[in-house]
Amino acid sequence: MSAAEDGSSDETSIGSNVESGFIDLVFEELAPAEMAERADSFYKQMEKRRTTRHFSTREVPKSLIEAAIKTAGTAPSGAHLQPWTFVAVSNSELKSQMREAAEAEERKTYSERMPEAWSEVLAPLGTDAIKEHITDAPWVVVLFRHSKRLRGNGEWGPTYYSQESCGIAAGLFIAAVHNMGLVTLTHTPSPMGFLRELLGRPGHEHAMLLLPVGYPAEDAKVPDLLRKSIDEISEFFD
Ligand SMILES: Cc1cc2nc3c(=O)[nH]c(=O)nc-3n(C[C@H](O)[C@H](O)[C@H](O)COP(=O)(O)O)c2cc1C
């Protein structure tokens, strides 16, 4: 019988009880040359990732979408609350409804709501209120962020750093999609409250990103962008 089971509550028993929730870290040390090789090859692979706005209608197996979501679910999260739900849609009728609602909002955004400072930086990307990727891509994955959680006592409590946590999960999802040889677009229809209702999510879940996933269209184009150099995005104190 453990100390906790026999009702004693001295510090040692509390410590050992907490410790029983721990396992050994699985860590495989790599040789320096292999570390350098992996670091370089991962960077080179990720450097090829591009956001594509032109999708093929070619089918993609559900198992690949599941693999990308499982990868996203490995993300670290504030207090390990995993404050995310990924809703994956391949149903054509539902995708049409999502596109219609997204375009209705985006038409208002582009024609009435968009400040000049925003349209100025969007112009080189060639985006507009037409969102054909929502119906062309075989899968549309919507990431919902949980702002609250149901506690064991039945009351609602906050989640912690849910924006940051979901941002990291989204990054892993995007990397997974790229790694499996597909493309995605990080789309933020503005505003996107309509997605909760269309996809039947509860009030504490907030649509954060809409990510079509698929093959690029044969004639897919991307803006000719430059990424900032390492010197521009970092500072080292050796
Ligand atoms: C948070 C976030 C929101 C974005 N929203 C949109 C969007 O609503 N529509 C769109 O076409 N692209 C959107 N993008 C994609 C960016 O325009 C794109 O990542 C950027 O131009 C760099 O291109 P790259 O991803 O090919 O490197 C978004 C990206 C991020 C990270």
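Residues numbered from 1 in each chain as written. Predicted model: local features only at pLDDT ≥ 70, side-chain atom pairs only at ≥ 80, totals over all residues.

1. Focus: the packing of helix α3 (residues 62–72) against helix α7 (residues 162–179)
To be explicit about the condition: Interaxial angles span 0 to 180 degrees and are taken between N-to-C directions of axes, which are lines fitted to C-alpha atoms, for helices over the stretch in contact. A run of H or I in DSSP counts as a helix once it spans at least four residues, and a run of E counts as a strand once it spans at least two, with each numbered from the N terminus. Each helix crossing is assigned a hand: it is left-handed if the near helix lies turned anticlockwise from the far helix by less than a right angle, otherwise right-handed if that turn is clockwise. Contact between two residues is assigned when their C-beta atoms, built from the backbone, lie within 7 Å. Classification convention: Asp, Glu, Lys, Arg as charged; Ala, Val, Leu, Ile, Met, Phe, Trp, Tyr, Cys, Pro as nonpolar; all other residues, Gly among them, as polar.
The N-to-C vectors of α3 and α7 enclose an angle of 145 degrees; their axes lie 7 Å apart at closest approach. α3 and α7 meet at a crossing whose hand is right-handed. Packed against α3, whose contacting residues are Ala67, Ala68, Ile69, Thr71 and Ala72, the element α7 presents Ala169, Ala170, Leu172, Phe173, Ala176 and Val177 at the interface. Considered class by class, the residues forming the contact of α3 with α7 number ten nonpolar, one polar and no charged.

2. Structural notes on helix α4 (residues 92–113)
Quick note on the threshold: What a helix is expected to span follows from its residue count: subtract one and scale by 1.5 Å. Residues with at least 20 neighbouring C-beta atoms inside 10 Å of their own are called buried, those with 12 or fewer are called exposed, and the rest are partly exposed, where every C-beta is derived from the backbone. As used here, the arc belongs to the directions running from the helix axis to the C-beta atoms.
The end-to-end C-alpha separation of α4 is 29 Å, in line with the 32 Å expected for 22 residues at 1.5 Å each. Along α4, the residues that are buried comprise Lys95, Met98, Ala102 and Glu106. Down the axis of α4, the buried set is contained in an arc of 60 degrees. They therefore lie on one face. What points out from α4, more than 90 degrees from its buried face, is the exposed set Glu93, Ser96, Ser111 and Glu112. Close packing links the buried residues of α4 with β1 (84–89), α6 (133–136), β2 (139–146) and α8 (194–198).

3. Quick word on unusual backbone geometry
The general pattern is negative phi for most residues beyond glycine and trans for most peptide bonds. Note that the residue after Ser190, namely Pro191, is joined by a cis bond; omega there is -10 degrees. On the secondary structure map, Pro191 appears in the loop between β5 (183–184) and α8. Not every positive phi belongs to a glycine, and His80 is a case in point at roughly 50 degrees. Structurally, the position occupied by His80 is in the loop between α3 and β1. Given 9 C-beta atoms within 10 Å, His80 falls into the exposed group.

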